[in-house]
Protein chains: 2
Amino acid sequence: MKSLFAVKGNIIYTKELGKFEVCEQGYIVVEDDEIIGVFSELEEKYKEIEVIDYGDNLLIPGFVDLHVHAPQYPNIGLGLDKELMPWLETYTFPEESKYKDITYAEKVYSRFVHDLWKHGTTRAVVFGTIHKEATKRLMDLFAEAGLGAYVGKVNMDRNSPEFLCEETQNSIDDTLEIVKEYKDKYELVKPIITPRFVPSCTPELMEELGKIAKEYNVPVQSHLSENFGEICFVKELHPDAPFYGSIYDMYGLFGDTPTIMAHCVLCSEDEVNLIAEKGVFIAHNPNSNCNLASGIAPIRRLLARGIHIGLGSDVSGGHTLSMAHACVITSQVSNIKWIQSDRIDKPLSTADAFYLATKGGGAFFGKVGSFEPGYKFDCLVIDDSCLPHFKPLTVMERLQKYLYTGDDRNIKARYVNGKLVNEPKVIA
Amino acid sequence: MKSLFAVKGNIIYTKELGKFEVCEQGYIVVEDDEIIGVFSELEEKYKEIEVIDYGDNLLIPGFVDLHVHAPQYPNIGLGLDKELMPWLETYTFPEESKYKDITYAEKVYSRFVHDLWKHGTTRAVVFGTIHKEATKRLMDLFAEAGLGAYVGKVNMDRNSPEFLCEETQNSIDDTLEIVKEYKDKYELVKPIITPRFVPSCTPELMEELGKIAKEYNVPVQSHLSENFGEICFVKELHPDAPFYGSIYDMYGLFGDTPTIMAHCVLCSEDEVNLIAEKGVFIAHNPNSNCNLASGIAPIRRLLARGIHIGLGSDVSGGHTLSMAHACVITSQVSNIKWIQSDRIDKPLSTADAFYLATKGGGAFFGKVGSFEPGYKFDCLVIDDSCLPHFKPLTVMERLQKYLYTGDDRNIKARYVNGKLVNEPKVIA
């Protein structure tokens, strides 16, 4: 028998870029994991169903974090005084080497999953490390917590410190093992092929990863055109490649299965064309792009090309898991980009940024990130009563105030895939 | 009899730009309101004094907010989708008109002062509104709370909506009344002459304000070269003025007494020269400058000119009172500026930003914002134990992690001018 229930509150979400849908004191009717619809009054046929009344609270879609590195969580807020390549060598690689220790991994990863939950992220696309066991454990922890995730064992077999460099064949074997074991293990947690980025993967490795992705129909994630130094290094390594993204594409890692490329700050026109043509998603990580002095991605222009875009926290290049904060800085840097572009690239409004943080990134998970019929019911209950209010505000204004000035304290409940998700356990 | 005591903990502060001073498990010895010194061991002569032991907590100077608009607090996090001039007209001016109602003013201002306290701001330079009584009440509330502040009654007698435009003589009279009444009323709370900005003040008004500043030796604050549209308007109004700042200067409002100019995003070379020559302070407001699409102030270049710079939250152009957050975005936009300047204007490190948020702005208050001997004892006790820690961190790293990932929950105690300051009352 199917479960049928409704949640009641001040409903706000985005069907399309830049436009909020609002239903004050409305009902979201949910059947099992899916939304039947949003209604201002309950129809006769729903009169008997359970209604969970959240009073004056806001009901918004759960946040989707399209790019985050779980093993970098211990470095959050640290070492943000370098550009990408030296930052990787100085701070990130040494930390990532620790995850051969499953006890350490469990300790960090359980807190990481807990804190994603805390900040209202209901779905995430996650980098692990090269370590097979730790990555499996991370997937288990997501599943135990009830959050949705794609989790990737990272592949690195060149230009990496010895303590973090794989034998090519091991890298392939371990990836294959995880794909086979976890492809159908969980409903909400799935593997994703994760070559770290071109500099750290041999062509041989990339070729095999592309084959695995295709054979098992597994999605792909990596980094693309993030930072000036990185792009120069890729050019040195692949002088004949027309552009960075073409290298992934050559090996079947650029949209042959669903693909996310993180950053895309400095893409050439040809690269943008290929992204658009192959339906590749872009994960926009403005905090990280500012912290590591990468620049401002031209999101408005990329959106105009019809490219799928979501937001990423990119911890620990980014310094917070809060996707509300990601919305704010998305708008902020878009304002600076607007000036830089001689006022051509229109700023991103709160509604634009919110769309990217919910439905934009949610599209990678299927029907996720909106309250439209047929969408998975991922929902946050926002209690903004403790934020300073001195005058009546519209629901839209209340959402804006929460995004700009609220924090995890305002999130009263989280639903993922139709289920209320309680606080996950942290393993000490 | 003088009071003599010490606080013990992990002490960290900045004497100079870009360099942290650290004393682990050290003592700050305080006599009345002033710091005697920082010691790693207590000398024999201090063996008998009271020691308040904060254990493993961090001890940092209190934050100084060099630019904030108290009456805009109800708008915090709202309406950040416009540039300065339309933002003022649509959101800000209508809100500011409400402060003729002293009950409303008291309600907002008591919460505003409370929330400054909550976020660890121990000294602030504040814009009120044109309203005399509300501005006086704001000064009283600061004094009752035990925080340090310069508070300005705003002057506006042209180009302002009818409901927020003063008669010139009234504006002068009210300013003079406040200056006389409050100049020596409180030790930590003082009046400051506050022409809103050139567009809203007639030359006659500015001339009289300059005279009051000089006669009573009162400091001055205003806005300067914040936004493209604003600067164009000033040029229209004063076609003969060589540059925006020269208009303030002509009327004795540009460094003849201690002066803060907020923003300075788009200053011409001549304007920068005059700022440097006349010792004018700049309040750098990166959140607001991003939110209102003003741009990125060239802080590195201004610092190289020896100009005094502090940070401002600029609520509600800025969306948070947190000066920790102001530090973060100061570094972030400086990274973007570094790219924009063809990598000439070096990024601002955490130590640079922290200096600006403490000693940089503190200098406007005298010896404030550092733990050097002779400085006023303004101090925050930071308990970072609930932030995720997975490895031993240095005191410097712990401060960085608090700034980037902490919030008001981490502030365990606040001292201002030698006194522990408890939670201020909010008037409902």
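Data block above holds the structure.
Below is a short write-up of the structure. (Residues numbered from 1 in each chain as written. Chains lettered and ligands numbered in written order. Predicted model: local features only at pLDDT ≥ 70, side-chain atom pairs only at ≥ 80, totals over all residues. Heavy atoms only, no water.)

## Thoughts on the packing of aromatic side chains
Piece 1. According to the stated counting rule, one finds 42 aromatic pairs over all chains in the structure shown.
Piece 2. Consider the rings of Y182 of chain B and Y186 of chain B, whose centres lie 6.1 Å apart with planes at 50°: the pair is tilted.
Piece 3. Its relative accessible area of 1% is what places Y182 of chain B among the buried residues.
Piece 4. Taken together, the ring pairs connect F5, Y13, Y54, F371, F377 and Y415 of chain A into an aromatic cluster.
Piece 5. Taking the ring centre of W117 of chain A as reference, the NZ or CZ of R414 of chain A above it sits at 3.8 Å. (Phe/Tyr/Trp six-rings, centres within 6.5 Å; stacked < 30°, edge-to-face > 60°. Buried < 20%, exposed > 50% of the residue type's maximum accessible area, 1.4 Å probe, protein only. Lys NZ or Arg CZ within 6 Å of the ring centre and 35° of its normal.)

## Points about the relation of the copies chain A and chain B
Piece 1. Of the two same-sequence chains, chain A is brought onto chain B (RMSD 0.0 Å, axial shift 0.0 Å) by a rotation of 180°. Taken together, these values place the two copies in the relation of a two-fold axis.
Piece 2. The residues that chain A uses at the interface reappear at the interface of chain B in 100% of cases, marking a shared surface. (Least-squares fit on C-alpha atoms with pLDDT ≥ 70 in both. Contact = heavy atoms within 4.5 Å.)

## Re the pattern of salt bridges
Piece 1. Scanning the model with the defined rule gives 59 salt bridges over all chains in all.
Piece 2. Between E106 of chain A and R137 of chain A there is a salt bridge, and its shortest N-O distance comes to 2.4 Å. Taken together, the positions of E106 of chain A in helix α2 (residues 102–118) and R137 of chain A in helix α3 (residues 132–145) put the pair 31 residues apart, joining distant regions of the chain.
Piece 3. Taking the shortest distance from any N to any O, the salt bridge between D378 of chain A and R123 of chain A comes out at 2.6 Å. Taken together, the residues span a long stretch of sequence, with D378 of chain A in the loop between α12 (350–362) and β15 (379–382) and R123 of chain A in strand β6 (residues 121–127) at a distance of 255 residues. For the pair D378 of chain A and R123 of chain A, a shared accessibility class is recorded, and that class is buried.
Piece 4. Ionic contacts of the salt-bridge type, sharing partners, join the residues D407, D408 and R409 of chain A together with D407, D408 and R409 of chain B into one network. (Salt bridge = Lys/Arg side-chain N within 4 Å of Asp/Glu carboxyl O. Helix = DSSP H or I, 4+ residues; strand = E, 2+ residues; numbered from the N terminus.)

## Some remarks on the nonpolar core
Piece 1. One finds I60, F63, Y248 and Y402 of chain B to be the most contacted residues of the largest nonpolar core, which totals 79 residues.
Piece 2. Two domains share this core, each providing at least three of its residues, namely domain 1 (4–61 + 369–420) and domain 2 (63–365) of chain B.
Piece 3. Membership of the second largest hydrophobic core comes to 78 residues, among which are L292, L348, I382 and L399 of chain A. (Core = buried A, V, L, I, M, F, W, Y, C linked by side-chain atoms within 4.5 Å. Domains from an automatic or database assignment.)

## Points about the interface of chain A and chain B
Piece 1. At the interface, 50 residues of chain A touch 50 residues of chain B.
Piece 2. In total, about 4100 Å² of surface goes out of reach between chain A and chain B, with carbon and sulfur atoms giving 57% of it.
Piece 3. Scanning the region where chain A abuts chain B turns up eight salt bridges.
Piece 4. With a closest N to O distance of 3.3 Å, R343 of chain A and E83 of chain B form a salt bridge.
Piece 5. Scanning the region where chain A abuts chain B turns up 25 residue pairs in polar contact (both at pLDDT 80 or more).
Piece 6. At the level of secondary structure, the elements contributing two or more residues to the side of chain A that touches chain B comprise α2, α9 (286–291), α11 (323–340) and α13 (395–405) of chain A.
Piece 7. If one sorts the elements of the side of chain A that touches chain B by residue count, α11 of chain A sits on top with nine residues.
Piece 8. Looking at side-chain class alone, the side of chain A that touches chain B contains 22 nonpolar, 15 polar and 13 charged residues. (Buried area = accessible area lost by both parts, 1.4 Å probe. Polar contact = N/O pair within 3.5 Å; in protein donor to acceptor, adjacent residues only side chain to side chain. Nonpolar A, V, L, I, M, F, W, Y, C, P; charged D, E, K, R; others polar.)

## Some points on the sheet that holds strand β5 (residues 63–69) of chain B
Within a sheet, neighbouring strands are paired by backbone hydrogen bonds and run either parallel or antiparallel to one another.
Residue and element names in this part refer to chain B.
Piece 1. Strand order in the open sheet formed by four strands is β5-β6-β7-β9, with parallel pairing between adjacent strands. The open sheet is flanked by β5 and β9 (189–191), the only strands paired with a single partner. Direction aside, the axes of adjacent strands within the sheet are offset by 15° on average.
Piece 2. Here five bridges tie β5 to strand β6 (residues 121–127), and the two strands are oriented parallel to one another. Each residue of the ladder has a partner; that of D65, found in β6, is A124.
Piece 3. Of the strands in this sheet, β6, β7 (148–152) and β9 touch helix α3 (residues 132–145), which is tilted by about 180° from β7. (Pairing = 2+ DSSP bridges. Axes fitted to C-alpha atoms, helices over the stretch in contact; angles between N-to-C directions.)

## Some remarks on unusual backbone geometry
Piece 1. Omega for the bond connecting V315 of chain A with S316 of chain A falls within 30 degrees of zero, at 10°, which places this linkage in the cis form.
Piece 2. Mapped onto the fold, S316 of chain A is located in the loop between β14 (309–311) and α11.
Piece 3. Here the phi dihedral of D32 of chain B falls at roughly 55°; this positive angle occurs in a residue that is not glycine.
Piece 4. In this structure D32 of chain B comes out as partly exposed when scored by relative accessible area, which is 31%.
Piece 5. Unusually for a residue other than glycine, N217 of chain B sits at a positive phi of about 50°.

## Concerning the layout of surface pockets
Piece 1. Quantified by volume, the largest pocket comes out at close to 1200 Å³.
Piece 2. Forming the boundary of the largest pocket are 50 residues, of which G406 and D407 of chain A together with G406, D407 and R409 of chain B lie nearest the centre.
Piece 3. Those elements that place two or more of their residues in the lining of the largest pocket are α2, α11 and α13 of chain A together with α2 (102–118), α11 (323–340) and α13 (395–405) of chain B.
Piece 4. Ranked by residues supplied to the lining of the largest pocket, first place goes to α13 of chain A with four residues.
Piece 5. Per-class residue counts for the lining of the largest pocket are 22 nonpolar, 16 polar and 12 charged.
Piece 6. When its volume is computed, the second largest pocket comes out at roughly 310 Å³.
Piece 7. Lining the second largest pocket are 16 residues, with G79, D81 and Y91 of chain A together with M396 and Q400 of chain B sitting closest to its centre.
Piece 8. Those elements that place two or more of their residues in the lining of the second largest pocket are α1 (84–96) of chain A together with α12 (350–362) and α13 of chain B.
Piece 9. When residues of the lining of the second largest pocket are assigned to their parent elements, the largest contribution, three residues, is made by α13 of chain B. (1 Å grid on protein atoms, 1.4 Å probe; cavity = no way out; pocket = protein on both sides within 12 Å on 5 of 7 lines; lining within 4 Å. Points joined across faces, edges and corners; volume = space filled by probe spheres on them.)

## As for the sheet that holds strand β3 (residues 34–39) of chain A
All names here are of chain A.
Piece 1. Taken together, the seven strands give an open sheet; going across it, the order is β3-β2-β1-β4-β15-β16-β17, and neighbouring strands pair in mixed fashion. Each having just a single partner strand, β3 and β17 (419–420) make up the two edges of the open sheet.
Piece 2. Along the sheet face, α13 touches β1 (4–16), β2 (19–31), β4 (50–61), β15 and β16 (411–416) and points at about 65° away from the line of β4.

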